[in-house]
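Examination of the molecular architecture
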Amino acid sequence: MATATMQIRQYSDTDLEAVLSSWESATRLAHSFMTDEFIDGERKNVAEVYLPNTDTWVAVIDGEVEGFIALMGNEVGALFLQPDFHGRGIGKALMDKAQDLHGDLEVVVAKENPIGRQFYSQYGFTMIDESYHEPTGQQMLRLKYSANTKVRCVMQKNIETIEEFINCWSSLDSSKLSNYFTDDGVYHNMPAKPISGRANIEKFITGFLANWTETSWEIMNITEQGSTVFCERLDRTKTSNGDVDLPCFGVFEMREGKIHIWRDYFDMTTFVSAMS
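Below: a short report on this structure. (Residues numbered from 1 in each chain as written. Predicted model: local features only at pLDDT ≥ 70, side-chain atom pairs only at ≥ 80, totals over all residues. Heavy atoms only, no water.)

A closer look at the environment of Asp84
Turning to its location among the elements, Asp84 is positioned in the loop between strand E4 (75-81) and helix H3 (90-102). The exposure class assigned to Asp84 is exposed, which follows from its relative accessible area of 63%. (Helix = DSSP H or I, 4+ residues; strand = E, 2+ residues; numbered from the N terminus. Buried < 20%, exposed > 50% of the residue type's maximum accessible area, 1.4 Å probe, protein only.)

Description of the sheet that holds E4
Strands sit in the order E1-E2-E3-E4-E5-E7-E6 across an open sheet of seven strands; the sheet is mixed. For this open sheet the edge positions go to strand E1 (6-10) and strand E6 (126-133), each flanked by a neighbour on one side alone. Averaged over all neighbouring strand pairs, the angle between strand axes comes to 25°, with direction disregarded. Two strands pair when backbone bridges link them, and strand E3 (residues 64-72) and E4 are joined in this way by six bridges, in the antiparallel orientation. When the bridges of E4 are listed, Met72 appears paired with Glu75. Taken strand by strand, helix H1 (residues 16-30) contacts strand E2 (55-61), E3 and E4, and its axis lies near 80° from that of E3. Along the sheet, helix H4 (residues 114-123) makes contact with E4, strand E5 (105-110) and strand E7 (138-145), crossing E5 at roughly 155°. (Pairing = 2+ DSSP bridges. Axes fitted to C-alpha atoms, helices over the stretch in contact; angles between N-to-C directions. Contact = heavy atoms within 4.5 Å.)

Brief notes about the state of the cysteines
All told, the structure shown has zero disulfides when counted by the stated rule. Here Cys168 stays free of any disulfide, with the sulfur of Cys231 as its closest cysteine sulfur at 14 Å. For Cys168, a relative accessible area of 11% gives the class buried. (Disulfide = S-S within 2.5 Å.)

Some details on the pairing of strand E8 (residues 181-189)
Where burial is concerned, most of E8 is hidden: seven out of the nine residues are buried. Taken together, the five bridges between E8 and strand E13 (residues 258-266) define a ladder with parallel strand orientation. Across the sheet, residue Tyr187 finds its bridge partner in E13, namely Trp262. Sheet topology places E8 next to strand E9 (residues 195-196); two bridges connect them, and they run antiparallel. From the neighbouring strand, Val186 faces E9, where its bridge partner is Ser196. What sits between E8 and E9 in their antiparallel hairpin is a turn of five residues.

Digging into H4
The periodicity of an α-helix, 3.6 residues per turn, causes residues three or four positions apart to be oriented the same way. Listed as buried for H4 are Gly116, Tyr120 and Tyr123. Down the axis of H4, the sector holding all buried residues measures 60°, keeping them to one side. In H4, the exposed residues that point more than 90 degrees away from the buried face are Pro114 and Gln122. Where H4 terminates, the next one or two residues include Gly124, which has phi positive at roughly 120°. (Arc of directions from axis to C-beta.)

Have a look at this one:
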């Protein structure tokens, strides 16, 4: 099956019917409490009032508009997607666009809209207020998203990935270890020459694991600045040539949850002496 192509672009007048279609289809699915009369009136308002006064972006899938997000400053006035395209990351892509434009975001969602509430919760929104909406007779929740929350989550994830990577060395499995790298990853085991590319990294690791019988890497300190993780370790390794407890310091530049560049520093004299 061919992979669908997705584009996020600004709304144009020629997108109106597709936008109205995605709005009505998603509205009827998520807002079962809305009457046909109310939806008919709101459909007219979407076309004549809301769209002309919002910054609207559409999701184009294989050349067809299948959803949209409408922004009023940092407030998400609308986010609707054709139901057949739910769960494919398209809503997240639209929200990512809004977050890139405005950072912190707010949105109002009906309390009786489980689809919307689940989506916003998974994205990182939290409730800040609740109010009554008289036209629909529904309780409405005002939610807020903080851009700093996303940064903290990414940083924590990077640290967790490196902790997993360090622990994985005890498996002595070069295939598992190389999977932590990006396809174009770099492993620079100081003072040797850097190794580039995941396949080459796996081959290199396989080589120096050849005479290892057991290893356990203890994390002494770990922290992160931006997308770079710094990890101080004590690597305890048993080999056919001898055993070594090797203090190391690793610098991991992360990209999309994987290791893009790993520079590892240690005292070569300590290692060579233990192996001789």
